[in-house]
Every structure is written in C-alpha cells, then in structure tokens.
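Descriptive analysis of the structure
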Amino acid sequence: MEFDLQYLLFLQNLRETTGGVFDEFFNALSKFAVDILPFLPYIIFWCLNKKLGYRFLATTWVGEVLNGVIKLTVCAYRPWIRSDKIVPAGDSKTAATGYSFPSGHTLAATMQFGNTAVWQWKKRRWLAILCGILILLIGFSRNFLGVHTPQDVLVGLTEGIVLIAVVSIVEKRIDGNEKVLDIMTLIGVLVTIGVILYITLKSYPMDYDADGNLLVKPEKMMNDAFKACGGFSGLLIGSYIERHFIHYEIPQGSANLPILTCIGFAIMFAWKELFAPATIVPLLGGHWGNMVARGTMVLFAVIVWPLVIRKICAKEKV
C-alpha cells in the first residue's frame, strides 16, 4: 500500500482509538472553510475596505477556477476509492465533492486566512498567527477525516500561497488603471469560456468496480468547476459594472452598515445553501444551474447590495 494511504490509515486508527472524540471538531473546521469562510471577501468589500475586498475576491475566484482545472486534469480518485480500507469519518464524505487533488478546503482556508494574515501582520500580529494555525488545522483535518491525502493538502496549501502573492503583485502593478483592468476583464471572460470548453470536451477516466458500476461519474465531478466559472464570471461582469457605473464607496460610520452587512450575508448564504439548490440548479441542471446560481450570487454582492447599502445609509444624512 502507498505511503499516503498508510498515513491515512494511521490517522483512522487514531480516530478509532480515541473514540472519535476529535471528529466533530475537525469536521466543523472543514465545513467552516467552505460554508462560511468564503463570504469573508464580501463582508470586507461592503463595510471595511473595498480595494482589499476586491483582492480577496480575485484570489478566491481565480483560485477556484484554477483548482477546478487541476482537479479535472489530474482526475485523482478519493482515498476511499483507491482503498476500501479507508473509511472517512462521519458525514465528511458527503461534503467531499469532486476529484481528490488538490484539496479545495485547504485552498479555500489558505486564500481567506492567508490574505487576512497578510492584511493583519503589522496591525494585529496575534491574529495573523492565529490565521496561520487555522490554515494548518484545516489542512490536517482533511487528512484526519480520511477525505484527502497529504499531497492533496500540500498542493492546495501551496496553490493558495502562490495565488495570494501573484494577485498582490498584479494589483500593485495595475494600481487602479481602469484601461488595464478592462483588458484583464476581457481576458478573464475568454479564459472562462476556454475553461468551460476544456472541462466539457476533455476525456475522463471510466473505471468500473467488480460489479460493473462506474467508480466516479465525470459529470458529477465537473459541478465544482462550473460553480467556479460562474463565480469568476460574476466577479468579472460585476466589477466592470461597479467600477464604471456604480462607484461604490463604503459609508464609514453609518449606523445601518453593520446590520446591512449581516442581512447581505444572510441573503447570500440562504441563496447558496437553500434557494439555488432548490430552484435554479434543478431547472438548469448540475452544470449550468450551478454556474448561473454562483454567478448570480456574486453579481448580487458586487452590484445589487452595494446599491442597497448606499441608498439606505444615505437616508441617515437627510
């Protein structure tokens, strides 16, 4: 048996020996990384620092698209498919969507907590260090729960660090140059189209078990990549409209801003977790439904809700 699977079996034995006492803790960390943490960029964009919010958003959606392309190129099977001795903890298996390599949870944690650590390093060193610890814990949780190999986590971590550095460098070089931003927006749209064509037309492994059942359905594995393309498209279109027509400025000091931020988060969370899966996804299918749903969510965050915030907060001055 390969070393990576042996390591997962060691952690699995540790889970069983300790009676699963740590399972819920690590499972909660993993869920937080993909269910709650990805909303941090929008909160920053609405009420803390618009420019920083865009940096978080750019890192997030470029990372999601890149991770989707890598996953669907490598097509690495999950640990429990490679060996029936691997038994993931609790319901962690149901949240492990897509192929195994690299770890999307680790990437998400690295992008959000990593950007926060860079942001807070000089202001609140303790918070930056805490973010680093949380990245490592979430990465380890993917191994501990038996849903990712060490190399999945390591590459997800590396991917996030590189993206943070690249986005920061590009942002500094552009420095608000609208013409360059418009060119990059067009390039982003073309890249998104290219990614959709690539993941749709490429070939995928078609391996079967002893009973003749397909081990992994490629169509299901593609859903996350379509979500990423939708979110990235929403950011490209939304940022263009916001920069040219809305010119959102955070109403600093507004008494309504905190509650409006909470309401905006609640609307987006409800759309992502409840309404979109029950409406638009079944209507348009797993691929296009997920893409449109995620794109709609980002457009709401970058265009609609800033307008709502500005209008309501402006009434305070009347």
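So, here's what we can say about the structure. (Residues numbered from 1 in each chain as written. Predicted model: local features only at pLDDT ≥ 70, side-chain atom pairs only at ≥ 80, totals over all residues. Heavy atoms only, no water.)

1. A short note on the pattern of salt bridges
What counts, and what does not: The term salt bridge refers to a pairing of a side-chain nitrogen on Lys or Arg with a carboxyl oxygen on Asp or Glu at a separation within 4 Å. Helix and strand definitions follow DSSP, with helices as H or I runs of at least four residues and strands as E runs of at least two, each counted in order from the N terminus. To sort residues, take the accessible area from a 1.4 Å probe on protein chains only and compare it with the maximum for the residue type: under 20% means buried, over 50% means exposed, and anything in between is partly exposed.
In total, this model carries eight salt bridges according to the counting rule given. Linking Asp 4 and Arg 82 is a salt bridge whose minimum nitrogen-to-oxygen distance equals 2.9 Å. Residue Asp 4 is located in helix H1 (residues 3-17), and its partner Arg 82 is located in helix H5 (residues 79-82); the two are separated by 78 residues in the primary sequence. By relative accessible area, Asp 4 is classed as buried at 8%. Judged by its relative accessible area of 32%, Arg 82 falls in the partly exposed class. Where Glu 242 meets Lys 50, a salt bridge forms, and the shortest distance between an N and an O atom there is 2.6 Å. Placement of Glu 242 in helix H11 (residues 223-246) and of Lys 50 in helix H4 (residues 50-74) is noted, with a sequence separation of 192 residues between them. For Glu 242, a relative accessible area of 0% gives the class buried. Connected through shared salt-bridge partners, Glu 2, Asp 4 and Arg 82 make up one network.

Structural measurements only, silent on function.
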